[in-house]
Amino acid sequence: MGCSSSTDSKRTKDGVLALDAVPGGLNPSHLDQAAAKDTRDLSMIQNKLTTIPQGLGKILTLTALNCSENLLTELPSDLRLLVNLQTLDASDNKIKRIPDEVGELASLTKLHLYKNELSGLPDAIGTLTSLTEINAFNNKIIRLPATIGNLVNLTELNAADNKLKTIPKTDGMTSLTRLALFHNNIVMLPSLKSLEKIQKLELYRNQMDSLPALGNFPEMDAFSCAHNRLTKLPDEIPSPDEIPSFLGLEELEASRNMLSSIPEALAGLPKLWKLMIAQNNISEFPPALCRMPSLKTLDLQSNQLTSLPQELTECTTLAILLLGGNQISVIPPFLTTDLPSIKRLTIDGNPINWELVENLPTHEALSKRFETIKDAASSAVYRR
């Protein structure tokens, strides 16, 4: 009893009450207890709740509520009474609908609803202008409300792994730093030019033939548009006069598309260290790109390359070069002597005849250069 009293005292002092995995389950008396203690932070995870017990609306001091990892199918209507609530985590439940009353939570800054069964979000969400985070990952959402564009303080929107075909205009979402829309059914997007503070733009695993208009994104460090149907990268990247808008870009992933070329203007991105452009229709690697000063990982697997430019020797920072599944028949000798930072080279799946006299010296030199070789004569995978 003494231990329990001490714990309760600490919780009262800190305003934190954890009612997680309560033996016998939660009941209204537990919430009355929370109200009596002026609880600010209430956790009730892993209680197998299908509904939240009556009395939640009495805890007027509540600023954080975590009811995740239950079996909830809905949120209670008296949720609207929690006018001081700043964080609501109702993730990992079976919720099918968010009530309009959520729009009355004017102080709400973080809304976590991932891993539920939602088909949409209410229009009322657009009134929550204090929101900084919405995580609706892994639901069944087919549309986002147009009012979501009113959320001027939103910094993170995660609507990935849903059933979206597009999203509303983002003109008002000028504070957004992360937009995650991967693994949807998106065929087109509105202009994203207003997202000037964006840092991570995740559009992979969709069905887009082209990307939306992009703007001045000086803070964007990661851009993924892999696994779509793109035939070219957006105009803002290939156009030299637009390159300053991507000066902070460090990672570009555009694999599994239908690209036939790589924009030479990528050479103007001083921080780009990772370029993933495998499984496209690229037949030439532009010599200009060999001047990228920070490039460490270059994935060109499963394209239509027949050769590599001599200028690749200028890429002294390159550590990983993936060339498997192309049409290269002769390995350039400079791979045995240059590229001082190289640690991994793959050339499997190319039509290389290692029995030819001109290939033997290259094979022997590569064997000596790399400490370990896995069946080099057949798979030609080198690593050190």
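Each chain has its residues counted from 1, running along the sequence as written. Two thresholds apply to this predicted model, a pLDDT of at least 70 for residue-level local features and 80 or more for giving and counting side-chain atom pairs, whereas whole-chain, interface and lining totals are computed over all residues. Side-chain calculation: all heavy atoms of the structure are included, whereas hydrogens and water are not.

To continue, consider the overall build of the protein. Helix and strand definitions here come from DSSP, where helices need a minimum of 4 consecutive H or I residues and strands a minimum of 2 consecutive E residues; each element is numbered from the N-terminal end. Tallying secondary structure elements over the protein gives four helices and 17 strands in all. Exposed residues in this analysis have more than 50% of their type's maximum accessible area, buried residues have under 20%, and partly exposed residues fall in between, with area computed by a 1.4 Å probe over protein chains only. Out of the 384 residues in the protein, the part that is buried amounts to 49%. Considering only intrachain contacts with a sequence separation of at least 6, the fraction spanning at least 24 residues in the protein is 31%. Areas reported as accessible are Shrake-Rupley estimates using a 1.4 Å probe. Residue values count occlusion only from the protein chains shown. Looking at the protein as shown, the accessible area adds up to about 17400 Å², and 50% of this sits on carbon and sulfur atoms. Here a residue-residue contact requires only that any non-hydrogen atoms of the pair lie within 4.5 Å.

Attention now moves to helix α2 (residues 28-36). Listed in full, the buried residues belonging to α2 are His30, Leu31 and Ala34. The buried residues of α2 occupy an angular sector of 95° when projected down its axis, which confines them to one face. Buried residues belonging to α2 abut β1 (16-18) and β2 (41-43). Asp38 lies just past α2 and shows a positive phi near 55°. What the arc measures is the spread of directions leading from the helix axis to the C-beta atoms.

Side-chain rings of Phe, Tyr and Trp, where Trp is taken by its six-membered ring, are said to pair if the distance between their centres is within 6.5 Å; with planes under 30 degrees apart they count as stacked, over 60 as edge-to-face, and otherwise as tilted. As enumerated under the stated definition, the model contains three aromatic pairs in all. Arranged with centres 6.2 Å apart and planes meeting at 50°, the rings of Phe137 and Phe182 form a pair that is tilted. In this pair, Phe137 sits in the loop between β6 (133-135) and β7 (156-158) while Phe182 sits in the loop between β8 (178-180) and β9 (200-202), placing the two residues 45 residues apart along the sequence. Judged by relative accessible area, which is 25%, Phe137 ranks as partly exposed. Its relative accessible area of 13% is what places Phe182 among the buried residues. Measuring from centroid to centroid gives 6.2 Å for Phe217 and Phe246, while their planes differ by 70°, and the two rings are edge-to-face.

Let us now look at the pattern of salt bridges. When a carboxyl oxygen of Asp or Glu lies within 4 Å of a side-chain nitrogen of Lys or Arg, that pair is called a salt bridge. Scanning all chains against the criterion turns up six salt bridges. Across the pair Lys96 and Glu117 runs a salt bridge, and its minimum N-O distance is 2.6 Å. In this pair, Lys96 sits in the loop between β4 (87-89) and β5 (110-112) while Glu117 sits in the loop between β5 and β6, placing the two residues 21 residues apart along the sequence. Between Glu253 and Lys274 there is a salt bridge, with its nearest N and O atoms 3.5 Å apart. Here the residue Glu253 occupies a position in strand β11 (residues 251-253), and Lys274 occupies one in strand β12 (residues 274-276), the gap between them amounting to 21 residues. Look at Glu253 and you get partly exposed, because its relative accessible area is 27%. By sharing partners, the salt bridges in this structure join Glu156, Arg178 and Glu202 into a single network.

Before going further, it helps to examine helix α4 (residues 360-369). Here α4 has its buried residues at Thr362, His363, Leu366 and Arg369. When α4 is viewed along its axis, its buried side chains cluster within an angular range of 125° and face the same direction.

This part takes up unusual backbone geometry. The backbone of Lys115 shows a phi angle near 60°, a positive value even though the residue is not glycine. Relative to the helices and strands, Lys115 resides in the loop between β5 and β6.

Tracing the backbone through its elements, the reader meets Ser194 in the loop between β8 and β9. Identification of polar contacts relies on pairs of N or O atoms within 3.5 Å, with a donor-acceptor requirement for protein atoms, meaning one able to donate a hydrogen and the other able to accept it, and with residues adjacent in sequence counted only if both atoms are side-chain atoms. At a separation of 2.9 Å, a polar atom in the side chain of Ser194 contacts the main-chain carbonyl oxygen of Thr170. Not counting residues up to four positions away in its chain, the partners in contact with Ser194 are Thr170, Asp171 and Thr174.

Here the focus is the nonpolar core. Only buried Ala, Val, Leu, Ile, Met, Phe, Trp, Tyr and Cys residues count toward a nonpolar core, and they belong to the same one when joined by side-chain atoms within 4.5 Å. In this structure, Leu42, Leu56, Phe223 and Leu321 are the most contacted members of the largest nonpolar core, which totals 101 residues. Secondary-structure elements contributing two or more residues to this core are α2 and α3 (334-337). Residues within four places of Leu321 in sequence aside, it is in contact with Leu298, Leu312, Leu335, Leu339, Ile342, Arg344, Leu345 and Thr346.

This paragraph deals with the environment of Ser245. Within the secondary structure layout, Ser245 lies in the loop between β10 (222-224) and β11. The spacing of Ser245 and Glu196 is 49 residues in sequence and 9.3 Å in space, taken between C-alpha atoms. Ignoring anything within four residues of it in the chain, the contact list for Ser245 reads Gly215, Asn216, Phe217 and Pro218.

Its place among the elements puts Asn257 in the loop between β11 and β12. The class of Asn257 is buried, set by a relative accessible area of 7%. Note: C-alpha distance between Asn257 and Ala278 (21 residues apart in sequence) is 8.4 Å. Setting aside its immediate chain neighbours within four residues, Asn257 contacts Cys225, Ala226, His227, Asn228, Arg229, Leu230, Gln279 and Asn280. Of note is the side chain of Asn257, whose polar atom sits 3.1 Å from the backbone nitrogen of Asn228. At 3.1 Å, the side chain of Asn257 and the backbone oxygen of Ala254 are in polar contact.

Attention shifts here to the side chain of Asn350. On the secondary structure map, Asn350 appears in the loop between β15 (344-346) and α4. Residue Asn350 is classed as buried on the basis of its relative accessible area of 12%. At 3.3 Å, the side chain of Asn350 and the backbone nitrogen of Gln327 are in polar contact. Other than its neighbours up to four places away in sequence, Asn350 contacts Leu323, Gly324, Gly325, Asn326, Gln327 and Ile328.

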